[in-house]
Every structure is written in structure tokens, then in C-alpha cells.
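Coordinate inspection notes
The lines below spell out each chain.
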There are 2 protein chains.
Amino acid sequence: MEQDGIARRIIAAIKQRIHSGANRPGDSLPSTRALAAEWGASRTTVTAAYNQLAAEGYLIIRQGARAIVAAGLEMTSEGAPHTAAQPRNLSAFARRLLALPSPAGAQPARVADFRYGDLSGADFPVLAWRRASNKAILRRGARLRYGDAQGSLALRNALQSYLWRARGINCAPDQIVIVNGSQQGLDLCARLLLDPGDPFVMENPGYPLARHAFAAAGGVAVPVAVDAEGLRTDSLPPARLACVTPSHQFPLGGVLSAARRRSLLAWATATGAYIVEDDYDGEYRHDITPIPPLQTLDAEAVIYVGTFSKTLSPTLRLGYLVAPAGLCRAFSEAKRLTDRHAPMLEQDVLAELLTSGAYERHVRSIRRKNTERREVLLQALADHLGPRVAVAGAETGLHVVAWMNGIAAGREPAIIAAAHAAGIGLYPVSPLYDPSEPRPETAGFILGYAGLDAEALRRGVAVLATILAEHR
Amino acid sequence: MEQDGIARRIIAAIKQRIHSGANRPGDSLPSTRALAAEWGASRTTVTAAYNQLAAEGYLIIRQGARAIVAAGLEMTSEGAPHTAAQPRNLSAFARRLLALPSPAGAQPARVADFRYGDLSGADFPVLAWRRASNKAILRRGARLRYGDAQGSLALRNALQSYLWRARGINCAPDQIVIVNGSQQGLDLCARLLLDPGDPFVMENPGYPLARHAFAAAGGVAVPVAVDAEGLRTDSLPPARLACVTPSHQFPLGGVLSAARRRSLLAWATATGAYIVEDDYDGEYRHDITPIPPLQTLDAEAVIYVGTFSKTLSPTLRLGYLVAPAGLCRAFSEAKRLTDRHAPMLEQDVLAELLTSGAYERHVRSIRRKNTERREVLLQALADHLGPRVAVAGAETGLHVVAWMNGIAAGREPAIIAAAHAAGIGLYPVSPLYDPSEPRPETAGFILGYAGLDAEALRRGVAVLATILAEHR
């Protein structure tokens, strides 16, 4: 950047002569005066170029003598770029990873995109975030230095009281690890708790990126069916861990019943397994109070994974773990080696929002908005499809599953293509089933509604009804 | 939260009766009217409590009949909390991780903290960051959704031209992966490229968190000595990868010579090894232009790891990889499973700073400030210690190594303790050596200067000189 164009060209020319063998080790180079004359440059420029080449080890410069080409350069090839397209050795982890299916990317949808996991940009608490963010930047310390691997103590303290107030979780700040979204929480669980070949219990259907994280670590998925009460616990096989979504089974939406909660915990105690509780949308319960997490029943067996992706934004990449006391050091050290700690500025902003009460006001507001969106969606489904659709999992969360009575699952690709052509983003349930298990016979779609306004929801369902009528 | 205190107490009381066996499955509960009278509550409150208990699976409610206790609850224990302090099974990764030494935490230092890696809070570009941040928040999309696993295209495009201008790196945006600081870059390399038992070449002394990331993945460190020209390449053993700091060897500060660069690349080609180039402070070259990275000589063998920790702030957790084309998909998928992608807001801010030119103006400014700090430090060392100190690695970077001539390495702990008592944070070189290799005989300290002002640097060295005089 400080080097001007001519010095850069001189450096390139000399390197080229050395690489091509025109100048060999021990050869003297022209004096700076001579080269300056040759290039029409100042001696200062040439001297800078020689110094740079010396610093890179191409030349040796001695006071009062001409620069010479350094030894050791002759052992190189012509400097031609390697063109190997195939990677060299990859680890077993990489090979397992590359064998997994890549998730489909989002496609633009004119009328309504029912993609699950999106929130509306209009719901983001812009003013509160900006205010807290500007405050946090001004309040930065005299020294900018790496922080606590588990996350800032201010945020963990604020989160501790929030978790008690909102979810009934009673934990110490030392049990909390701030992670980059729940995906990192799942990945850390996979790394710390699974060895290649270890079985893990996975809800079927279930969340693919959880299954993939555990499978990439070498775990062997043991799919266990779910029904309207969540994971079926009547015949749990031995495993090293179980990954579950008790508050709102993903994707089918069942709430794990109290009997099954106890049965799952008894299994964990008997087998020494850990339970990873992915409470991905526990804030959204539309009719009644949120159900206390599994973690509140057994703080030694359950690793609770929470996220801000469903209340603030999935783009923030902020989540947290509540780990059993015996695992805290492992999670803390793993977080440090993985990426040191979560970004400080956003942790400070979040701590401010939590302690000021702004976060809970925002959650109440966005919960109300999503309850309204849900009403609109359910009403539209009833109006346009009536008994031709069976809706599951509407009690909690930000999506429902719509089973299309009388339409075979084999029609899903055609329906999705027609929907896309009509400006509707539509996502099937079937890919969420374990690939080794039978898939449902009826076509079913996950309808996420948190990113859509009432008008888009109504139009989207109307268009969908027309398309379905053609595929019946 | 929406539930008032009395409903909460009713729920807890009924759960307690069920857990204790006072109410057994199939038992009828009191009518809502009776319970409301008993508790002095409204029937609405009792109904809400019963609904909540039903949703959690404790009760079964049928229209017009009394609620009954659900089946399946009798198989549980008394609900006593587990008190196992020891973790259950941990993975081999976790066991390796927990066997590594934890880094020492920062301790407050009254006069001067020479801790390496810290920046001065006063150097952070507050106005530019706030402006770009407020702009990015306002410009957020209509939908908040997961982004590209490799990072936002705007940032990768901006980074591509920056890397070409500033470091001579010629890469496609598809080869760039935005990571949460260089530590995540190193960890992804470890996961993708090393299997348990694989040897990796590590500079000795070298960066402990790199060694730890590779060792936790199961790699076996092969320490290779460094001298004033960086890694000694005369007898490199076979290995799966080598982790090097060619621009400024950490910690000793040598710049890898051109001959050794070529010899290292020839070794990688011959053995099929990858080279992880940790360019942690490549922006800081005090006398001459930055030296082009190894990556520019062999884009197929080298994974380049860059960071914003030394130019903006270590607390941001933003860095990047430039991966060989053949490894891009592996890095992209690994980043997705690890934590989806880097935070979007900060990526947007950084892209704005890079494209507006604000980032490069800032780099020029902070480089000038750190060149000044370096001058002050070197002058103070010369003034106060003269020939009693041998300074290494001052040409580049944000720290120097000071070897204390005539003071045995065994005195380091006493000197550090005395320094701490006098308000000086002091950090020895010796822990950066591979534990299996001999350590230096002379006491040596890493003096980071980027977090200190001129006054603190001068006072710090003066106090240090007094302490050293007492330990000679």
C-alpha cells in the first residue's frame, strides 16, 4: 500500500528473473543507480524494492556492495501454480461431513415464503438495539482484550434471572455458556459427548442440522418415532445421548408429556446418557404458559440449549447452553478452543436489553404478533382447505405442519414446483425423516409464519389451495 | 410470566402431590369450584392451572368431568435431584481437551500490562463503526433469515479486493470463509484435516492455542525449531499439516525467508501436507512493505488465516480463511454445522468499512500509532536495560521478545511475581515451547505494546528494570 507502482513492478520483474533461473543464487544485481536509470525511477524507489526483496529473502544486501541473489532458491520448481483440483487428505470428520446432504437454499418467493426459521425484519427492536449498541460501544474498556470463554459475566447474570423468570430454570451463571446460536451448542455437545460409532437417539422426524452435527462427529443415529405427545419413550435403546425438542417437537409440534419426560429422564439415569434439550422456540406458547423445560427436572442429565434466533433474529447468531455442573469446564474449554468466545459487543447489547426489561417487552410484543399471524394462518387454512388439511403442532412455536389429506407424498415435488412458479415458497416434511426409516404416505408441508404479514399469509394459502386442487 | 402467583402455587402444589404419590394416576382432582374455594382464588385461575398441568401431561381433562391424574407418572422416582458431580461419558476429544493446560487469565496491572494481543480501546474507530452499524441495522432485509455459511457475499467481495490490494492475495470470493476470529479458522482446519494420531508440524516455540486446537483433534505435535528466519525447514518430518506464522513468527518474531518459504512449499507438495498460514498480524510491518503471504506462492497447499483482532478488536471475533479451491466445500459445510455463519450485522458493518475505504484509513492510523509505541518501547528498553536485554522480533507485529541476558529462565516466576506486585503484567516466553522439548536457559518475556500509551510503556520498562536489577 505504501509501495508505489514502479517499485512493485521492479520487485515482480526481479522475482520473475530469479524464478526463471535468469538470475541464480550468488549472482550480483545491478547497482541501485543503474537499475534506477534502466527503469526511469528514483534511487529511493529501487532501494525500497531491494530492501523489500531482501526482507522476503530473495536478496542479500551488504553495505557498500551490490545486492546478490540469496542461496536456497534453486531448489524450487518454476513457480508454476499447482492445479490439483482434488483436495489432499481429509479427516474422517470431513469425509462424513461431505457425505451429508447440503440443505436447500432459500429461493425468492413473490407472494409468500413459508420458509421456517425466518422472522419479519419489521419485528426487530431497532431502536432498543441501536440505543444499547451505541451505549456498549462508548462503554468499551480502556483495553480491548479477549473475554471469558463462557461469555460475559454481565450477560450470564442477566440470563440467569431471565431463565428463572421466564422458564423456571434455576442455574448458576457458571453453568451458562454463550454460544453462536443453538447450532454451536449442538455441535459442542456432539464433540464433547460422542465418539465415532456411538449411538444417539434422534427424534424421527427431527431437526436435520442436529442429526448432521451428531453424525459428522461419528455418531450413529437411532431414529425414534414421535407422535402428538412428542418422542415415544416406550422402547428407548441404549445410547450416549438423546437430542429432543420437548417444548415443541420439531417439526410435528407435539409437547412431550409429563409421563414421557419422566420416562426419558429415567432412561438417561439408567444408561448414563445425556439429554440435549433443544428449546428452540420455547417462548412461543399461544394458549397457555410455557411448559418448564426438562432441565428443571434433572439438571445433571440435561444440557439445555436456548437461542435468540426466534425472538430477535437468526442472523445475530446468539444462543446459550445451560450445562450440568460436571460438564461446565469441558464446555468452557471447548468454546475457548473453538473460537475463544462470542462477540463481546453483541453480548453487551443483549445484557443491556435483558437487564433493562426491553428484551421481555420485546418478547411479549413479538409473541402477540406471532399469535395473530398464527390465527390468520389457521383461519385461512380452514377457509380455503377445510377438511382437506390436517394441521399439527399449532399450540406452540412459529410454524404448523399441514398434512394434505388424500394427497400422496409422491406429489410433493410437483406441488412445490407449482407453488414456486406461483410465487410461494413451500417446504416438505419428508426430508426431516431419517433416511433409513419409512416416510409418511401423505404429503405434508411445514408452514412457517413468523416472517409473513396477514395479507401474505392469506394470499399464500389461497394460492396454495388452488395448486392443491390441481394435484389432488 | 402471564401466569399469576396463585396459579403458579396451585400448579406446584398439585405436582408435589403427584410426585409424592399422594395423588396417583387415575385419581380425580377436586372440581375447579372446590379448589377455587380452598385457595381463595377465582375459578378462572384454577382452570388456567389445570390447563397448564394438562398441557404438561400431568392431568387429563374431559369436558364436564373432573380432571384426573395421567397414567405413566408412577414409574418415576421421587423427583429428588441427581447429585452426581462427575460427568458421565465424555468423548476422546473432551478427554484430550481437558488434559490440556488452561491459559492463565489476565490479572489487573496498575502501571502497565504487557499482555500480548490486547489493543487500546482508544484506537477503536468508534465513529466509523457506529455509522456503519446504524446503517446496517436500518438496511436489514424484510426477512431475517440464515445467511450464507461462508459469510455475506458483500463482505467476501470487499475482502477479496482488500486482500489483493493489501496482501497481494489473488483469490475468488468463493475461497473466502468468514470465521469467528482466527481461532475458529484453526479449529476448522484441525477438524477437517487431522485424524487422531496424525502428526502436525508446529513451530517451537509457537502459538499455544493453535497447538491445542490440533492436539485436541487428536493430532500429534511434531515441534520444529525456529530461529531468526522463522521455521527451520532443513529437516521437516512427514506430517499431515504444518501450522506456521511466516510474516512474524509467534512469538520470536522472525520473518520466514524466501528460501525457507520455497522449501516448506516443496515439502508440502512432496508429502501432500497442507500448510496453515496464520497471518495474525501481517498488517504491522514497521520499516518496509508487508511481505506477501505464503498463500500467494501456492494457493493449493496453503490455507491462509486472517483476522481483524489486531486491527479492530479481539473482542469482535471476526476473521477469515482463504481456502484452496478443492477445500471450499468442506470448509463451507463445516462452518454451517459448527454455527451456521458469522453474525450478519457485524459482517455488514465490516463490508461497509472495507468498501468505503474507512477500514484502510483506520489501518494506516493504527499502524502509525503502533509504530510510535514500538519506538517508545525500544527506546525505553535501550535506556533502562541497554546490553542487559536482547530484543527479538521488533521488525513486525505488535510485540517484541526481550531476552534478559545473564538471568536464568528459572528466575522467571519470581520476576513475574515481583512485577505483578509492582503493577506490571509480565508474560514469559517459556510456556510457548512444546512441553516435550528443552526450554531456553535465559529468562525471556513477550512484551505486547499495542494496548499501552507512551507513558505506561516508559513507566513499565523503568519499573521492570528495577525489578530485574534485583533478580540478577
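Notes on the structure follow. Remember, it's a predicted structure, so these values are computed and weren't measured experimentally. (Residues numbered from 1 in each chain as written. Chains lettered and ligands numbered in written order. Predicted model: local features only at pLDDT ≥ 70, side-chain atom pairs only at ≥ 80, totals over all residues. Heavy atoms only, no water.)

**Some thoughts on the interface of chain B and chain A**
Counting residues at the interface gives 128 residues for chain B, matched by 127 residues for chain A. Summed over both partners, the interface of chain B with chain A comes to about 11,100 Å²; 55% of that surface belongs to carbon and sulfur atoms. Its largest share of buried area at the contact with chain A, chain B owes to B:R88, B:L144 and B:L337, together 8% of the area lost on that side. If you look at where chain B meets chain A, you find eight salt bridges. Notably, a salt bridge pairs A:R191 with B:D187, separated by 2.8 Å at the nearest N-O pair. Connecting chain B to chain A are 46 residue pairs in polar contact (both at pLDDT 80 or more). Sort the elements by how many residues they give to the side of chain B that touches chain A and helix α10 (residues 328–339) of chain B lands first, with eight residues. The pairing of strand β4 (residues 119–120) of chain A with strand β5 (residues 143–144) of chain B spans two bridges and is antiparallel. Bridging from a neighbouring strand, A:L119 pairs with B:L144 of β5(B). (Contact = heavy atoms within 4.5 Å. Buried area = accessible area lost by both parts, 1.4 Å probe. Salt bridge = Lys/Arg side-chain N within 4 Å of Asp/Glu carboxyl O. Polar contact = N/O pair within 3.5 Å; in protein donor to acceptor, adjacent residues only side chain to side chain. Helix = DSSP H or I, 4+ residues; strand = E, 2+ residues; numbered from the N terminus. Pairing = 2+ DSSP bridges.)

**Some details on the pairing of strand β11 (residues 274–278) of chain A**
Residue and element names in this part refer to chain A. Within β11, five of the five residues are buried, which leaves the element mostly enclosed by the surrounding structure. Taking every second residue as pointing to the same face, both faces of β11 are buried, with Y274, V276 and D278 on one and I275 and E277 on the other. Alignment of strand β10 (residues 241–244) against β11, held across four bridges, turns out to be parallel. By the bridge assignment for β11, A242 is matched with I275. At this point the chain moves from β10, through helix α9 (residues 258–271), to the parallel β11, and the crossover so formed is right-handed. Looking at chain direction, β11 and strand β12 (residues 302–307) are connected through four bridges and run parallel. In the strand pairing of β12, I275 is matched with V302. (Buried < 20%, exposed > 50% of the residue type's maximum accessible area, 1.4 Å probe, protein only. Right-handed = clockwise from strand over helix to strand, strands pointing away.)

**Quick look at the relation of the copies chain B and chain A**
A rotation about an axis combined with a shift along that same axis relates the two copies of the chain. When chain B is fitted to chain A, the residual RMSD is 0.1 Å, and the transformation amounts to a turn of 180° plus an axial shift of 0.0 Å. The operation mapping one copy onto its partner corresponds to a two-fold rotation axis. The fraction of interface residues of chain B whose copies in chain A are also interface residues reaches 98%, indicating that both copies meet through the same surface. (Least-squares fit on C-alpha atoms with pLDDT ≥ 70 in both.)

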